[in-house]
Amino acid sequence: MKSKTWLLLAFWLACLTVTWAQTPGPPAAVPDLTPDEQQKVSHMYFDRCAGCHGVLRKGATGPPLTLDKTVPYGTQVLKKFISDGTEGGMPGFGKEGTLSEGEIDLLARFLQKEPPAPPEMTMEKMKASWKVTVPPEKRPKEPMHKRNWQNFMGVVLRDVGKVAIIDGDTKELVNIIPTGYAVHILRPSATGRYFYSIGRDGKITLIDLWMNPPQMVAEVKACYDARSVESSKYKGKLGNFLDKYIIVGGYWPPMLAILDGQTLEPMRLMSTSGYTCDTGDYVREARVASIVASHHDPMWVVNVKETGHIWLVDYADIKNLKISVIDAERFLHDGGWESTKRYFLVAANMRNKVAVVDTVLKKLVALVEVGNKPHPGRGANLVHEKYGPLWCTGHLGDNTLAFIGTDPVKHKQYAWKMVATAQMPGDAGGNLFVKTHPKSRWLIADRPLAPDPAMYDKVYVFDKKTLQFVKALQVPAKYKGKAVHVEYNKDGNEIWVAVWGNTTKASTAMLIYDENLNLVKELNADWMVTPTGHFNVYNSVHDIY
Ligand code: DHE
């Protein structure tokens, strides 16, 4: 980790310790934490729990962990939850060997004490972390290599905080770029020339794919905890915004940051704390979940998880931002476009609903009841003989896929209704992502959060024509990881599946299947450590899924 990052982390931990010292004493039955334990467990909670339960523990994808709940449970019950996980998709951190018995005990005790207050981010702090290593004028005017960069696959190497760029044509490693801690996703710029990575620590890295080899050209830390980044994709009557801006969504602080797309210079910050769309309660920790760029307007669709609001942010004039705030449903998480890219569908996962927004009329069209805890990633689009165009989501909490009609003109009777479901074998859920490509016969679903290893070491193939399960593609026994995230190559005739294990070479790989579902390539070199999300440049630019 770089020294500035350490400084910020140290600052935060100091804040945690001070705040902790100021909070009222713990209930008598809960043993105190030493300052060392406090420091260690704060990191652990941030790494493993805050994503679902919130830094302030008010709950979202996971239930609230407020003291009125955790203190009555007591240490033993909390330890069992943390160790074994739940059917609802919480991983068994003990069972899987992610946390030791001592660490689980520490977490269980931490949860019975007031959460420490996390630090705020300011423009000054952000600018202090901003670094341009190759300014735009010194970058190449055309690709400096002969590779088919539009078919590059950017692969998140999660636990080592790096991104691998793989040539999708030759399957060669092109370069490995150090990025933020536990990188979450990559998104390309509108032309595809750049990749932006966002780490869980809020660090954004700008990677220039035209350099030989591709290099990091700028970085900045926009917040302390983040999951989403998106570029500006509009070019038309209102201007040319290709590669001009990016937007970053903060989990902590809950905020939006608009940055220069070429240099990452911070330009505009906005808090997303606010009032819930239904009860009108104030939520400080109203986190930004998925962000998607429109192709038809200078607009980002921003999903604010805890308030249940969808913000349509018009970036044509960022000094005078126009934002339409749409009441949708709590707790918004991930989503994507239907095939025309006019309607955006997003999972309100704790309410078992998918919210549909018309980005032209700027209003909510429907809340579609689906299965238990929908979790689509970007979802998957297909055309069915009877129902017309459909969008699909899988579920964390059950073993079904839900298909929603998306054509309100020619297939009006099916539009914005769940018209069909499909089933994965076995009872448990655990699906995180579904994916397809217009040229493929298949729709593929992973299942990394299934409690049973015999379920999470496969991806599940469905026939787009019949919507039926066809077969499971088994990860070869020599790898010990979970099959997670699926991406197609540019031509849509290869299916790339990451095997996400621990940091030993033996457990992880990238598997590539052809359209006949044959395993045609295994990428398992020393550098292929904990691959998770992988993003094809062309498909990600054009939102092909
Ligand atoms: Fe993700 C997308 C949040 C756990 C891998 N993840 C997203 C998005 C959000 C999110 C808000 C949508 C970004 C967008 O489209 O702009 N993810 C969270 C969490 O809060 C959660 C549940 C818990 C946490 O603490 O982070 C979580 N996610 C995970 C994982 O455990 C995964 C499998 C591995 C990891 O990195 O930790 C993981 N998330 C991904 C991937 C995507 C993603 C690969 C992009 C999917 C796509 O195809 O676009």
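Refer to the preceding data block for the structure.
A brief structural summary. (Residues numbered from 1 in each chain as written. Predicted model: local features only at pLDDT ≥ 70, side-chain atom pairs only at ≥ 80, totals over all residues. Heavy atoms only, no water.)

Attention shifts here to the coordination of the iron atom of the ligand. For a metal bound by four donors in tetrahedral geometry, the ideal donor-metal-donor angle is 109.5 degrees, whereas six donors in octahedral geometry ideally sit at 90 or 180 degrees. Just one protein atom coordinates the iron atom of the ligand, and that atom is His184 (NE2), at 2.1 Å. As for its placement among the helices and strands, His184 is situated in strand 5 (residues 183-188). (Donors = N, O, S within 2.8 Å, 3.2 Å for Na, K, Ca; no water. Helix = DSSP H or I, 4+ residues; strand = E, 2+ residues; numbered from the N terminus.)

Next up on the list: the site of the ligand. The environment of the ligand is formed by 23 residues, the closest being His184, Arg200, Arg227, Tyr251 and His485. A distance of 2.9 Å separates an oxygen atom of the ligand from a polar side-chain atom of Arg158. Side-chain polar atom of His485 to an oxygen atom of the ligand: 2.7 Å apart, as the coordinates give it. For the shell around the ligand, the elements supplying multiple residues, two or more each, are helix 3 (50-53), strand 5, strand 9 (225-231), strand 17 (288-293), strand 33 (482-488) and strand 37 (531-536). Residues that form the shell around the ligand fall into these classes: 10 nonpolar, seven polar and six charged. (Near = heavy atom within 4 Å. Polar contact = N/O pair within 3.5 Å; in protein donor to acceptor, adjacent residues only side chain to side chain. Nonpolar A, V, L, I, M, F, W, Y, C, P; charged D, E, K, R; others polar.)

Let us now look at the environment of Leu264. Checked against the element boundaries, Leu264 lands in the loop between strand 13 (255-260) and strand 14 (266-271). Taking the C-alpha atoms as reference points, Leu264 and Ala218, separated by 46 residues in sequence, lie 6.6 Å from one another.

Its 14 residues place the ends of helix 2 (residues 35-48) 20 Å apart at the C-alpha level, agreeing with the 20 Å of an ideal helix rising 1.5 Å per residue. When we look at burial in helix 2, the residues that qualify are Gln38, Val41, Ser42, Met44, Tyr45 and Phe46. (Expected span 1.5 Å × (residues − 1). Buried < 20%, exposed > 50% of the residue type's maximum accessible area, 1.4 Å probe, protein only.)

In this section: the packing of helix 4 (residues 67-84) against helix 5 (residues 101-110). The N-to-C vectors of helix 4 and helix 5 enclose an angle of 125°; their axes lie 9 Å apart at closest approach. Regarding the angle of helix 4 to helix 5, the classification is oblique. Helix 4 and helix 5 meet at a crossing whose hand is right-handed. On helix 5, the residues that touch Thr75, Leu78, Lys79, Ile82 and Ser83 of helix 4 are Ile104, Asp105, Leu107, Ala108 and Arg109. Residues belonging to the contact of helix 4 with helix 5 are distributed by class as follows: five nonpolar, two polar and three charged. (Axes fitted to C-alpha atoms, helices over the stretch in contact; angles between N-to-C directions. Parallel < 35°, antiparallel > 145°, perpendicular 65-115°, else oblique. Left-handed = near helix turned anticlockwise from the far one by under 90°. Contact = heavy atoms within 4.5 Å.)

Bringing the sheet that holds strand 29 (residues 434-435) into the picture now. With respect to topology, four strands assemble into an open sheet ordered 29-30-31-32, the strand pairing being antiparallel. Pairing within the sheet leaves two strands with one partner each, and these edge strands are strand 29 and strand 32 (469-474). Inspection of the sheet shows strand 30 (residues 442-445) paired to strand 31 (residues 458-463) by four bridges, in the antiparallel sense. Each residue of the ladder has a partner; that of Trp442, found in strand 31, is Asp463. (Pairing = 2+ DSSP bridges.)

Attention now moves to the pattern of salt bridges. Taken as a whole and judged by the stated rule, the model has 29 salt bridges. Its salt-bridge partner being Lys40, residue Glu103 comes within 4.0 Å of it at the nearest N-O pair. With a gap of 63 residues between them, Glu103 in helix 5 and Lys40 in helix 2 connect regions that are remote in the sequence. Residue Glu103 is classed as buried on the basis of its relative accessible area, which comes to 19%. Measuring nitrogen to oxygen at the nearest pair gives 2.7 Å for the salt bridge that ties Arg284 to Glu120. One end of the pair, Arg284, is in the loop between strand 16 (282-283) and strand 17; the other, Glu120, is in the loop between helix 5 and helix 6 (123-129), and 164 residues separate them in sequence. On the basis of relative accessibility, which here comes to 26%, the residue Arg284 falls in the partly exposed class. (Salt bridge = Lys/Arg side-chain N within 4 Å of Asp/Glu carboxyl O.)

Let us look at the environment of Thr340. Along the polypeptide, Thr340 turns up in the loop between strand 21 (332-337) and strand 22 (343-348). At 2.7 Å, the side chain of Thr340 forms a polar contact with the side chain of Glu338.

The next subject is the environment of Asp208. Counting through the fold element by element, Asp208 comes out in strand 7 (residues 203-208). Residues Asp208 and Pro143, spaced 65 residues apart in sequence, show a C-alpha to C-alpha distance of 9.6 Å. In this structure Asp208 touches Arg139, Pro140, Arg193, Tyr194, Pro214, Gln215 and Val217, once residues within four positions along its chain are discounted. A polar atom in the side chain of Asp208 sits 2.9 Å from the backbone nitrogen of Trp210.

Within the secondary structure, Thr530 sits in the loop between strand 36 (519-523) and strand 37. Looking at Thr530, the relative accessible area reads 0%, which means it is buried. Within the local environment of Thr530, its side chain forms a polar contact with the backbone nitrogen of Asp159, the two atoms lying 2.9 Å apart. Look past the residues within four positions of Thr530 in its chain and what remains in contact with it is Val156, Leu157, Arg158, Asp159, Val160, Trp500, Gly501, Asn502, Thr503 and Thr508.

This paragraph deals with helix 4. For helix 4, with 18 residues, the first-to-last C-alpha span of 21 Å runs short of the 26 Å given by 1.5 Å per residue. Remark: the principal bend of helix 4, roughly 105°, maps to Gly74. Those residues of helix 4 that sit buried are Thr70, Gly74, Thr75, Leu78 and Ile82. In this structure, the buried residues of helix 4 make contact with helix 5. Immediately beyond the C-terminal end of helix 4, within one or two residues, lies Gly85, with a positive phi of roughly 75°. (Bend = angle between axes of the 7 residues up to and from the residue.)

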